[in-house]
Amino acid sequence: MDTKRKIAAISELMMKGIISTDEFSKMVAVLNGASLEVQEREKTPAELAYERYIREKVAPKFKSPSMVKFPPFDASMVKKGLIKLDLTEQNVRYIETYVDAPNSYGTMLREPIIIGIDENFTPLFWAQHLQISSLLGKQKGWTTMSKG
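Since the structure is predicted, the reported quantities are computational estimates derived from the model, not experimental observations.

1. With respect to the nonpolar core
Then, number 1: In this structure, Val58, Ile95 and Ile115 are the most contacted members of the largest nonpolar core, which totals 19 residues.
Then, number 2: Only α3 (45-58), β2 (88-102) and β3 (108-117) provide two or more residues apiece to this core.
Then, number 3: The element contributing the most residues to this core is α3, with six residues.
Then, number 4: Sequence-distant contacts of Ile95, that is, excluding residues within four places in its chain, are made with Tyr50, Phe73, Met77, Val78, Ile113, Ile114, Ile115, Ile117 and Phe121.
Then, number 5: If you look at the next biggest cluster of nonpolar residues, it comprises eight residues, including Val92, Ile114, Phe125 and Ala127.

Encoded structure:
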């Protein structure tokens, strides 16, 4: 298959939304003989703020801060709505995420958390699920663990 037909085929994939324009341009560059160097994408300010906040504010609250893992930031993690926070209903903008942290036996446990943010994506607080008693387990509400 010649290069023009290959480009036409991948162009059709792009038009159908199967591949992105970025993927299309990389494929065309390769077909035209360019070497494709893998470059790490520059992180957005939101991604950097999210990662820094978890490393500096959330992770130190766990037994082994250096072992804390968390998912990469994605815009779909940002939510806004009415939640129970510190036993009262509050309308909050937040990032819904989790951290994987080892317990005292070294077993990694997943802990759902939220990070409250303002309109400029500045982290205001982080919270874990509220636990009323060991018999009832974790509840639907959240309790603030740290501000700022």
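Structure shown, so let's carry the discussion forward.
2. Concerning the packing of helix α1 (residues 3-15) against helix α2 (residues 21-31)
Then, number 1: Look at α1 against α2: their axes get within 10 Å of each other, and the N-to-C directions meet at 175 degrees. Relative to α2, α1 is oriented roughly antiparallel. For the pair formed by α1 and α2, the contact residues are Thr3, Lys6, Ile7, Ile10, Ser11 and Met14 on the first element and Thr21, Phe24, Met27, Val28 and Leu31 on the second.
Then, number 2: Among the residues making up the contact of α1 with α2, the classes are represented as seven nonpolar, three polar and one charged.

3. Focus on the environment of Ser64
Then, number 1: One can find Ser64 in the loop between α3 and β1 (78-85).
Then, number 2: Ser64 gets classed as partly exposed once you look at its relative accessible area, which sits at 27%.
Then, number 3: Taking C-alpha positions, Ser64 is 6.7 Å from Pro102, a pair spaced 38 residues apart along the chain.

4. Concerning α3
Then, number 1: Between its first and last C-alpha, α3 extends 18 Å over 14 residues, near the 20 Å set by a 1.5 Å rise per residue.
Then, number 2: Looking only at α3, the buried set comprises Ala46, Glu47, Ala49, Tyr50, Glu51, Tyr53, Ile54 and Val58.

5. A closer look at the packing of aromatic side chains
Then, number 1: Taken as a whole and judged by the stated rule, the model has four aromatic pairs.
Then, number 2: Residues Tyr50 and Phe70 carry aromatic rings whose centres are separated by 5.8 Å and whose planes lie at 85 degrees to one another, so their mutual orientation is edge-to-face. A residue pair is termed long-range when its members are at least 10 positions apart, and Tyr50 in helix α3 and Phe70 in the loop between α3 and β1 qualify at 20 residues.
Then, number 3: Accessibility expressed as a relative area gives 1% for Tyr50, which makes it buried.
Then, number 4: Taking 5.5 Å as the distance between ring centres and 50 degrees as the angle between the ring planes, the aromatic pair formed by Tyr50 and Phe73 counts as tilted. Taken together, the positions of Tyr50 in helix α3 and Phe73 in the loop between α3 and β1 put the pair 23 residues apart, joining distant regions of the chain.
Then, number 5: Note on Phe73: relative accessible area 14%, which makes it buried.
Then, number 6: Here the aromatic residues Tyr50, Phe70, Phe73 and Phe121 are joined through ring pairs into a cluster of three or more.
Then, number 7: The ring of Tyr98 has Arg110 sitting right over it, with the charged end atom 3.8 Å from the ring centre.

6. Description of the pattern of salt bridges
Side chains that differ in sign of charge can pair as their charged atoms come close.
Then, number 1: All chains considered together, the criterion is met by two salt bridges.
Then, number 2: The residue Lys43 makes a salt bridge to Glu51 at a minimum N-O spacing of 2.9 Å.
Then, number 3: Note on Lys43: relative accessible area 33%, which makes it partly exposed.
Then, number 4: Judged by its relative accessible area of 13%, Glu51 falls in the buried class.

7. Brief notes about the environment of Val58
Then, number 1: Mapping Val58 onto the fold places it in helix α3.
Then, number 2: Residue class for Val58 comes out buried when judged on its relative accessible area of 0%.
Then, number 3: Distance in space between the C-alpha atoms of Val58 and Met145 is 8.5 Å, their sequence separation being 87 residues.
Then, number 4: Residues within four places of Val58 in sequence aside, it is in contact with Tyr53, Val99, Ile113 and Trp126.

Reading the values: rules and limits
Residues numbered from 1 in each chain as written. Predicted model: local features only at pLDDT ≥ 70, side-chain atom pairs only at ≥ 80, totals over all residues. Heavy atoms only, no water. Core = buried A, V, L, I, M, F, W, Y, C linked by side-chain atoms within 4.5 Å. Buried < 20%, exposed > 50% of the residue type's maximum accessible area, 1.4 Å probe, protein only. Helix = DSSP H or I, 4+ residues; strand = E, 2+ residues; numbered from the N terminus. Contact = heavy atoms within 4.5 Å. Axes fitted to C-alpha atoms, helices over the stretch in contact; angles between N-to-C directions. Parallel < 35°, antiparallel > 145°, perpendicular 65-115°, else oblique. Nonpolar A, V, L, I, M, F, W, Y, C, P; charged D, E, K, R; others polar. Expected span 1.5 Å × (residues − 1). Phe/Tyr/Trp six-rings, centres within 6.5 Å; stacked < 30°, edge-to-face > 60°. Lys NZ or Arg CZ within 6 Å of the ring centre and 35° of its normal. Salt bridge = Lys/Arg side-chain N within 4 Å of Asp/Glu carboxyl O.

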